[in-house]
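One letter stands for each residue in the lines below.
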Amino acid sequence: MINFSGRTKVFASTKPVDLRKSFDSLFAYTRDILKNDPMSGHLFLFVNKSRDRIKALYWDGTGIVLLCKRLEERTF
């Protein structure tokens, strides 16, 4: 179970991201493109171009957590 503190902020990329990217690529994208610290304890959201998939990157204090969701109908 992931517990977010009251201080956890949520950042969403405003541009579609290639969701074939995994931990390291999304970590680098967060650091280099979004100019944010991926180990800050905040939640970073990424969607694909068709907006039917989403990935979330989160540092839980011990490692990187990568959450994925694919919608069968509709879009985010």
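Look up: the structure comes first, before these words.
Asker: Before we go on, may I ask you to explain unusual backbone geometry in this structure?
Answerer: Excluding glycine, residues mostly have negative phi values, and the peptide bonds linking residues are mostly trans. The phi dihedral of Lys35 is positive, around 55 degrees, even though this residue is not glycine. The residue Lys35 is located in the loop between helix H1 (23-32) and strand E2 (43-47) in this model. Using a relative accessible area of 67% as the deciding quantity, one classes Lys35 as exposed. In the Ramachandran plot, Arg74 falls in the positive-phi region, its phi being about 70 degrees despite a non-glycine side chain. Topologically, Arg74 is positioned in the segment after strand E4 (64-70). Residue classification places Arg74 among the exposed residues on the basis of a relative accessible area of 74%.

Asker: Whenever I open this one, the sheet that holds strand E1 (residues 10-12) confuses me. Can you help?
Answerer: Either a parallel or an antiparallel arrangement is found when strands of a sheet pair, and the pairing is made through backbone hydrogen bonds. One open sheet holds the 4 strands; their spatial order is E1-E2-E3-E4, and the pairing between them is mixed. Edge positions in the sheet fall to E1 and E4, since each has one partner strand and no second. Going across the sheet, the axis of each strand differs from the next one's by a mean of 20 degrees, ignoring polarity. The pairing of E1 with E2 spans 3 bridges and is classified as parallel. Each bridged residue has a counterpart across the sheet, and for Ala12 the counterpart in E2 is Leu45.

Asker: Please explain the nonpolar core as it appears in this structure.
Answerer: Buried together is how nonpolar side chains tend to be arranged in soluble globular proteins. Val17, Leu19, Leu26, Tyr29, Phe44, Phe46, Leu57 and Leu66 form the largest nonpolar core, which has 8 residues in total. At the level of elements, H1 and E2 are the ones that each hand at least two residues to this core. Residues in contact with Leu57, not counting those within four places in the same chain, are Phe23, Leu26, Phe27, Thr30, Pro38, His42, Leu43, Phe44, Phe46, Ile64, Val65 and Leu66.

Asker: What is the right way to read the packing of aromatic side chains from this model?
Answerer: The full count for this structure, using the stated rule, is 2 aromatic pairs. Ring centres of Tyr29 and Phe46 lie 5.7 Å apart, and the angle between their planes is 80 degrees; on these two criteria the pair is classed as edge-to-face. Taken as a pair, Tyr29 in helix H1 and Phe46 in strand E2 lie far apart in primary sequence, 17 residues in all. Take Tyr29 and Phe46: they sit in the same class, and that class is buried.

Asker: I tried to follow the side chain of His42 on my own but got confused; where do I start?
Answerer: Inspection of the secondary structure assignment puts His42 in the loop between H1 and E2. Among the polar contacts made by the side chain of His42, one reaches the main-chain amide nitrogen of Lys9 at a distance of 2.9 Å. Residue contacts for His42: discarding those within four places in its chain leaves Arg7, Thr8, Lys9, Phe11, Leu57 and Tyr58.

Criteria and thresholds
Residues numbered from 1 in each chain as written. Predicted model: local features only at pLDDT ≥ 70, side-chain atom pairs only at ≥ 80, totals over all residues. Heavy atoms only, no water. Helix = DSSP H or I, 4+ residues; strand = E, 2+ residues; numbered from the N terminus. Buried < 20%, exposed > 50% of the residue type's maximum accessible area, 1.4 Å probe, protein only. Pairing = 2+ DSSP bridges. Axes fitted to C-alpha atoms, helices over the stretch in contact; angles between N-to-C directions. Core = buried A, V, L, I, M, F, W, Y, C linked by side-chain atoms within 4.5 Å. Contact = heavy atoms within 4.5 Å. Phe/Tyr/Trp six-rings, centres within 6.5 Å; stacked < 30°, edge-to-face > 60°. Polar contact = N/O pair within 3.5 Å; in protein donor to acceptor, adjacent residues only side chain to side chain.

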